[in-house]
Amino acid sequence: MSGIVIDHDKCIMCGLCVPSCPFNALEDQGKIIVNENCKVCKICIGVCPTGAISLQEEIKEAVDKSIYSGILVFVEHFDGEIHPVTIELIGKAQQLAKTINEKVNCLMIGSDIQESADSLLDYGVSEVIVYDDPAFKYFKVDNYANAFEEAIKYLNPSSVLVGATTTGRSLAPRVATRFRTGLTADCTVLEMRDNSDLVQIRPAFGGNIMAQILTTNSRPQFATVRPKVMDAALKQSRFGTLTHKTLDPIRRASKIKINEIFEKASELDISSAEVLVVAGNGIKDEAGFALCEDLAKALNGTLAVTRPVVERGYYSYLHQIGLSGRTVKPKLIINCGISGAIQYTAGMNQSEMIVSINSDENAEIFKHSDIKLVGDVYEIIPELLAQIKGGHN
Ligand SMILES: Cc1cc2nc3c(=O)[nH]c(=O)nc-3n(C[C@H](O)[C@H](O)[C@H](O)COP(=O)(O)OP(=O)(O)OC[C@H]3O[C@@H](n4cnc5c(N)ncnc54)[C@H](O)[C@@H]3O)c2cc1C
């Protein structure tokens, strides 16, 4: 690893570096030492009058990218029922793989999963690596990571895609670390360069910028993607194969013991709604929220909200769309009194039809909308309701 080093022969103990460090990473202990707070910001290098402080760069051999090929998609499932994010990742992987003429493969780990694993071949996957063993009946991050590691060693993929679900978020970093490679979490856009570098794009700094992250000198490149961000793969003619693999008993044993399994109480899931009416900060009172609820009901839809509405205490976090809420991709979304901040739009801009109502004709939300209704929500929603009920044309 790269790090700050002190050349004690050059150090004159002037003490200038210690207060210059914003992270309190330098200590005077008779000689200057660098502690674990160091973020390698390099400010101390500039203040040292004798050049005693320097950055020791890790010399890493250039990775031979030619020995890595294909995109591996981790298949998330529960009891063989495949999570929709898997099919979305296969769809994206196929687009990416096409640009570099490589294959898309899947990894499925579980127990009694032959049939589900086989169904993945309907999506044009080249090879599905299957670890089918009672030891994998339930997701346990330790032995799943062992199987994942073995599959990567067998396939040598150039990129690995995992759903940014609870399971994926705990598994992917653990596996990426074993290969001492990079992982970019919660990507919203993925692009492929000709040299197989995966451009991993995600909001950063509170959503104020879209960062493009590259793992230029390590393989494989790991990315997680939230459900509903990518388009699902379509079924096509089958040509791929299933490859059954086993782990040795030590590696498939888990230290995690499951005592009891509880069914999770069902909760509101706005991300599965086909129609969403979203109330923003432009909705000022109970009467306004009642109008939005009526509109949602009239369209057989679900009510969702922006973050300020949650913060004002009107609805729970489960209703919130956005970077710190849910990502949604309904057939129809109606934004009511919403300005269009990136932290909100990043969570809904993949929706099929976006209608927005805002009194400000220059509102940012209109740049993301298919239909723009400029005006007061308190007037427009009753008008829409009347039209839905057939009273107007
Ligand atoms: C790290 C971080 C994460 C965040 N995560 C999220 C997130 O997940 N989800 C989220 O929503 N926000 C999130 N935010 C907040 C985000 O930046 C915005 O503040 C928020 O999205 C604004 O919500 P809004 O559009 O409802 O409200 P406002 O920005 O206040 O906009 C209200 C809009 O309503 C219009 N309006 C007012 N009255 C009427 C009327 N009578 N009729 C019609 N239009 C009217 C106004 O013209 C205005 O455009 C996050 C912020 C940060 C820093």
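Attention now moves to the overall build of the protein. Along the protein, the regular secondary structure elements total 11 helices and 21 strands. When its C-alpha atoms are laid out on the principal axes, the protein stretches across 85 × 60 × 50 Å. Within the protein, buried positions represent 46% of all 393 residues. Counting only contacts in the protein whose residues sit at least 6 apart along the sequence, the fraction spanning at least 24 positions is 63%.

This part takes up the sheet that holds strand β12 (residues 189-192). Ordered by their spatial adjacency, 3 strands build an open sheet running β12-β13-β14, and the pairing between neighbours is antiparallel. Only two strands of the sheet have a single neighbouring strand rather than two, namely β12 and β14 (209-213). Between one strand axis and the next, the sheet turns through 25° on average, direction left out of account. Running over the sheet, helix α3 (residues 84-100) touches β12 and β13 (198-204) and is turned about 20° from β12.

Its 12 residues give helix α11 (residues 377-388) an end-to-end C-alpha distance of 16 Å, which sits within 8% of 16 Å, the value for a rise of 1.5 Å per residue. Within α11, the full set of buried residues consists of Val377, Ile380, Ile381 and Leu385. The buried side chains of α11 occupy one side of the element, clustering within an arc of 135° when seen end-on. Each element contacted by the buried residues of α11 is listed here: α8 (286-298), β19 (332-336), β20 (353-358) and β21 (371-374). The backbone nitrogen of Tyr378 has a side-chain oxygen 2.8 Å away, supplied by the residue at the start of α11, namely Asp376. At the C-terminal side of α11, Gly390 shows a positive phi close to 90°.

Right, let's talk about the site of the ligand for a bit. Inspection of the region around the ligand gives 25 residues, with Asn281, Thr306, Ser324, Ser339 and Asn358 positioned closest. Here an oxygen atom of the ligand sits 2.6 Å away from a polar atom, N or O, in the side chain of Ser339. Val377 is positioned such that a nitrogen or oxygen atom in its backbone is 2.9 Å from a nitrogen atom of the ligand. For the ligand, the protein covers 74% of the area, taking 980 Å² as the surface of the free molecule. Its residues assigned to classes, the shell around the ligand comprises 7 nonpolar, 15 polar and 3 charged.

Glancing now at a nonpolar patch on the surface. On the surface, Phe78, Tyr138, Ile256, Ile258 and Ile261 cluster together to form a nonpolar patch covering roughly 450 Å² of accessible area. In this structure, Tyr138 sits in the loop between β9 (127-132) and α5 (141-155).

So, on to the domain arrangement of the protein. Domain annotation for the protein reports domain 1 (3-56), domain 2 (65-252) and domain 3 (270-388). A separation of 52 Å is found between the C-alpha centroids of domain 1 and domain 3.

Right, let's get into the nonpolar core. Ranked by internal contacts, the top residues of the largest apolar core, which has 32 residues, are Ile90, Cys106, Leu120, Val128, Leu161 and Leu190. The dominant element in this core, judged by the number of residues it contributes, is α3, at 8 residues. Not counting residues up to four positions away in its chain, the partners in contact with Val128 are Cys106, Met108, Ala117, Leu120, Leu121, Thr241, Leu242 and Thr243.

What follows covers the sheet that holds β21. Read from one edge to the other, the open sheet built from 5 strands follows the order β18-β17-β19-β20-β21, with strand pairing classed as parallel. Sheet topology places β18 (302-305) and β21 at the edges, where each strand pairs with a single neighbour. Taken pair by pair, the neighbouring strands of this sheet meet at an average axis angle of 20°, ignoring direction. As paired elements, strand β17 (residues 275-279) and β19 share 5 bridges and run parallel to each other. From the neighbouring strand, Val275 faces β19, where its bridge partner is Leu332. Across the face of the sheet, α8 comes into contact with β17, β18 and β19 while running at roughly 175° to β17. In the packing of α11 onto the sheet, the strands contacted are β19, β20 and β21, and the crossing angle to β20 comes to about 135°.

In this section: the environment of Gly3. In this structure, Gly3 sits in strand β1 (residues 3-6). Once the C-alpha coordinates of Gly3 and Asp112 are considered, the two residues, 109 residues apart in sequence, prove to be 48 Å apart.

Let's shift gears to the side chain of Gln221. For Gln221, the position within the fold is in strand β15 (residues 221-225). Side-chain polar atoms of Gln221 contact the backbone oxygen of Ser196, separated by 2.8 Å. A polar contact of 2.6 Å, which involves the side chain of Gln221, links it to the backbone nitrogen of Leu198.

What counts, and at which threshold
- Residues numbered from 1 in each chain as written.
- Predicted model: local features only at pLDDT ≥ 70, side-chain atom pairs only at ≥ 80, totals over all residues.
- Heavy atoms only, no water.
- Helix = DSSP H or I, 4+ residues; strand = E, 2+ residues; numbered from the N terminus.
- Buried < 20%, exposed > 50% of the residue type's maximum accessible area, 1.4 Å probe, protein only.
- Contact = heavy atoms within 4.5 Å.
- Pairing = 2+ DSSP bridges.
- Axes fitted to C-alpha atoms, helices over the stretch in contact; angles between N-to-C directions.
- Expected span 1.5 Å × (residues − 1).
- Arc of directions from axis to C-beta.
- Polar contact = N/O pair within 3.5 Å; in protein donor to acceptor, adjacent residues only side chain to side chain.
- Near = heavy atom within 4 Å.
- Areas by Shrake-Rupley, 256 points an atom, 1.4 Å probe, with all protein chains shown as cover.
- Nonpolar A, V, L, I, M, F, W, Y, C, P; charged D, E, K, R; others polar.
- Patch = residues over 30% accessible without salt bridge, like charges linked within 9 Å, V, L, I, M, F, W, Y side chains within 5 Å.
- Salt bridge = Lys/Arg side-chain N within 4 Å of Asp/Glu carboxyl O.
- Domains from an automatic or database assignment.
- Core = buried A, V, L, I, M, F, W, Y, C linked by side-chain atoms within 4.5 Å.

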